[in-house]
Amino acid sequence: MRQTDVSTGGNMKKFWTLAALAFVALPLQAKDKPAYEKGVLLQMDSSSCGYSEKDNKTLAGEILGTDNQHKQTQQVLCQEYTLQTERVTYRIRPKDDKHPALLPIGEQAQFRIHKDKLLLRMIETDDKEREYVVVSMKPRTDEAQNQSASIHAVR
């Protein structure tokens, strides 16, 4: 009788140990990979994103009082890409204006929208996620016309 009591107690101990391990391990499970949408980079344009000012002052001119108070103003241009998906056309700009990466036009890209930014990656180049700001979004009218034409053709 004593042998069965010990084995029953041992089984219960194993059960509670496994249950505690399972309870602790549940939150530690790996998160699902983010879902990416596909699109094609159609074009890249240079668009105005502000102005840069530079003073013409020199140290000698400041001391002698010969420097003018004129500032050189130069327009700053930023890369702006057109990303087209099945239903929407996005206009996006790199979030990092100082070191933007030049992306290949005509290539397929994967992206996801997370909070207030678009995370884009080019699979065929370096597969690195880059942050972009969405400037505008437009539904594709050519796709809507094609869908309505196919619906009417089915009827």
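Scroll up to find the structure.
Everything in this summary refers to the structure shown in the same document. Note that this is a predicted model, so its numbers are computed, not measured. (Residues numbered from 1 in each chain as written. Predicted model: local features only at pLDDT ≥ 70, side-chain atom pairs only at ≥ 80, totals over all residues. Heavy atoms only, no water.)

Our focus in this paragraph is the overall build of the protein chain. When helices and strands are counted, the protein chain shows three helices and six strands. Each helix and strand of the protein chain, ordered N terminal to C terminal, gives the series α-β-α-β-β-β-β-β-α. Counting every position in the protein chain, which comprises 155 residues, the buried fraction comes to 20%. Of the contacts made within the protein chain by residues no fewer than 6 positions apart, 60% connect residues no fewer than 24 positions apart. On the protein chain, roughly 12,400 Å² of surface is accessible, and the fraction owed to carbon and sulfur atoms is 54%. (Helix = DSSP H or I, 4+ residues; strand = E, 2+ residues; numbered from the N terminus. Buried < 20%, exposed > 50% of the residue type's maximum accessible area, 1.4 Å probe, protein only. Contact = heavy atoms within 4.5 Å. Areas by Shrake-Rupley, 256 points an atom, 1.4 Å probe, with all protein chains shown as cover.)

What follows concerns the layout of surface pockets. Space inside the largest pocket adds up to approximately 150 Å³. Top contributing element to the lining of the largest pocket by residue count: strand β6 (residues 130–139), with three residues. Split by residue class, the lining of the largest pocket holds four nonpolar, one polar and six charged. (1 Å grid on protein atoms, 1.4 Å probe; cavity = no way out; pocket = protein on both sides within 12 Å on 5 of 7 lines; lining within 4 Å. Points joined across faces, edges and corners; volume = space filled by probe spheres on them. Nonpolar A, V, L, I, M, F, W, Y, C, P; charged D, E, K, R; others polar.)

Here the structure, examined in full by the defined rule, presents three aromatic pairs. Ring geometry for Y81 and Y132: centres 6.4 Å apart, planes at 85 degrees, overall edge-to-face. Residue Y81 is found in strand β2 (residues 71–84), and its partner Y132 is found in strand β6; the two are separated by 51 residues along the sequence. Taken as a pair, Y81 and Y132 share a single burial class, namely buried. Relative to F111, the ring of Y90 lies with its centre 5.4 Å away and its plane at 70 degrees, an arrangement referred to as edge-to-face. Taken together, the residues span a long stretch of sequence, with Y90 in strand β3 (residues 88–94) and F111 in strand β4 (residues 108–114) at a distance of 21 residues. (Phe/Tyr/Trp six-rings, centres within 6.5 Å; stacked < 30°, edge-to-face > 60°.)

So, about a nonpolar patch on the surface. Together, M12, F15 and W16 line one region of the surface with nonpolar side chains, adding up to about 370 Å² of accessible area. If you trace the backbone, F15 turns up in helix α1 (residues 2–25). (Patch = residues over 30% accessible without salt bridge, like charges linked within 9 Å, V, L, I, M, F, W, Y side chains within 5 Å. Salt bridge = Lys/Arg side-chain N within 4 Å of Asp/Glu carboxyl O.)

The quantities given are spatial measurements derived from coordinates; they are silent on function.
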